[in-house]
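Chain by chain, the residues run as shown.
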Amino acid sequence: MKKYLLLPFVLWLAGCVTPVMTMQSGEQPVGDRLVIALDGSWNRIKTTGPAQQWTMEGLPIDDLMIYSGLKDGEAIHAISGSAKPFVFHSVMLPDEIISLFEGMLTRDGSTFQLTKSEPATFGGVKGYHFEFKLVRKVDSVELTGLGYGAVSNGELFSVVYVAPRITFFARHQGRVENMVRGAQIKGIQPATVVPASLSPS
Amino acid sequence: MMDREETRLRRSPFLIKDPGLHDYVQGIACRLGGDHCPDIRVYLVHTPYFNASMAPNGMMQVWSGLMLRADNEAQLAAVLGHEIGHYLARHSVDRLRDAKTRTAFASIFSAFGLVGGVVGLGVLGAGITYTQNQEREADRMGALLMHKAGYDTAESAKVWSDLLLELEAKPGGDPSKNSFFASHPPAEERQQALMQLAQSMPGGTTSAVEWREKTSAFRREWLQDELKRGQSEESIALLTRKIAVEPEQPDYLYIRGEVHRLRAAAGDYDAALADYQAAALGAGAPPEVWRGMGTVYRARHEIPEARASYRSYVEAAPRAPDVPMIKSYLEELGQ
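Residues numbered from 1 in each chain as written. Chains lettered and ligands numbered in written order. Predicted model: local features only at pLDDT ≥ 70, side-chain atom pairs only at ≥ 80, totals over all residues.

J.: Hey, could you run me through the overall build of chain B in this one?
T.: Per the secondary structure count, chain B includes 18 helices and three strands. Taking all 335 residues of chain B together, 44% fall into the buried category. A separation of at least 24 residues holds for 61% of the contacts in chain B among residues at least 6 apart in sequence. (Helix = DSSP H or I, 4+ residues; strand = E, 2+ residues; numbered from the N terminus. Buried ≥ 20, exposed ≤ 12 C-beta atoms within 10 Å, placed from the backbone. Contact = placed C-beta atoms within 7 Å.)

Structure below.
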């Protein structure tokens, strides 16, 4: 009798286990066009959203989202419910892309405060860097985050890292910054300082 | 259990801790509650959705999204009066006594025991589903409390019609399918019933001026939260209504401009620019008006105007965290 009672519990437990892959040190391809260099191993969580989701400490402690080749018109998060999704468009300026991430991170009512936004190079392409503070609605934990990214050939490449302000963010920030420094986007079309769309018509 | 959750709420970073605003709203609740004032403990919570709730122990939550939507003190009093009506009629206690609801309540509590904080309490607020008759009774009691406190009860009907406007604006929006209206009487029926009640209790004040004075310091933050929801159609409906009430207020015009710019559908850049320009004419327009204008001009290839707008933004907000980014745009556009 006991084993019959145990069976549903075991099945439930099996359902709770999230598939995790270890991403080893060294160069790692992410999607077709992005290669990143890791100076330590990371855990990759299998998810259904448009970004790869990696973590050092385990979710929901720290969360690294990696976007590789998100296309024009695609949402930056998994779509659920009736709420309007946050959708990337290739003509967006860096601050508009940062606003997308802000919207995504505050969908649950969390509060977001941008602390820095500046131009930066990501994967060999001129793009953006931003930093922020987030208070997570679900547990009121204060988090710190950073993001880098760029648009290449109309596709979005970006990393966004967020972790508790106390202890965890500082513990892994350097690792993420190193990953960003070593990132390479393949198949970059020659970029101009002023996008053609800006030239007076 | 309620007390433990109240302790958590008191420590929550989402609590709006401004004593002036808190005392003001607590005062409105007390005016409505009369002799029950000592039982009511108001907590203002930073959450951009329309909601207020009152737990059986007297813990009342008022969300910032509700305060943004209220046009005057009477409209907030309508919602608080309704919640106090549920409390005085012991509806939540009745619902918890019901065996089915008790199960639901246990699951709600287990959920917010797990997640803790405000979300759990928000779930609780939405989670205790009253019967439609209880909602009608709370509406009647709320209107009576409003009238007794000297408020114009006609404002209670406006609250629901305004909310309906937003829900109808949502793409594919059918208010009857919204979880809020699913547990409440149909909005039209409710509006008519409240209007009839108001006709039987004429007079009273809206206290619109006091409301604006007390909440104006928080308006920009609440509007930014509304913008971040990314629900452009609902936000445009809300902001258009607010602009009709206060046409000179640049904050509403600026945020509606932002909603249009970020949606970027056909005609949105023109609409955004018109709103930014109107906002810029108002006294105390936020500096971000010029940043928005710069982006729209840039998208329209009007480079000199884009440059001038971005420069105005950098001059008006030199310490804003995105100034390095905007300066890089200026470099790209050429001096």
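J.: Help me understand the nonpolar core, please; the structure alone is not making it clear to me.
T.: Nonpolar side chains in soluble globular proteins tend to end up buried together. By size, the foremost hydrophobic cluster in this structure holds 122 residues, and its most contacted members are Val159(A), Leu32(B), Val62(B), Ala77(B), Leu80(B) and Met146(B). If you tally residues by element for this core, the top one is helix α4 (residues 73-88) of chain B, at eight residues. When residues of this core are assigned to domains, at least three map to each of domain 1 (2-200) and domain 2 (216-333) of chain B. Ignoring anything within four residues of it in the chain, the contact list for Met146(B) reads Leu32(B), Ala74(B), Ala77(B), Ala78(B), Gly81(B), Tyr151(B), Thr153(B) and Ser156(B). (Core = buried A, V, L, I, M, F, W, Y, C linked by C-beta atoms within 7 Å. Domains from an automatic or database assignment.)

J.: Looking at this structure, I do not really get the interface of chain B and chain A. What am I missing?
T.: Counting residues at the interface gives 26 residues for chain B, matched by 29 residues for chain A. At the level of elements, α7 (117-127), α16 (288-299) and α18 (323-333) of chain B are the ones that each hand at least two residues to the side of chain B that touches chain A. Among the elements that make up the side of chain B that touches chain A, the one with the highest residue count is α18(B) (five residues). Considering only residue class, the side of chain B that touches chain A consists of 11 nonpolar, 11 polar and four charged. (Nonpolar A, V, L, I, M, F, W, Y, C, P; charged D, E, K, R; others polar.)

J.: Is there a simple way to think about helix α15 (residues 268-281) of chain B in this case?
T.: Each α-helix winds once per 3.6 residues, and so residues spaced three or four apart point in a common direction. Residue and element names in this part refer to chain B. Between its first and last C-alpha atoms α15 spans 20 Å; for 14 residues at 1.5 Å apiece the expected length is 20 Å, and the two agree. All of the buried residues along α15 are Ala-272, Leu-273, Asp-275, Tyr-276, Ala-278 and Ala-279. Here the buried face of α15 lies against α14 (250-263) and α16. (Expected span 1.5 Å × (residues − 1).)

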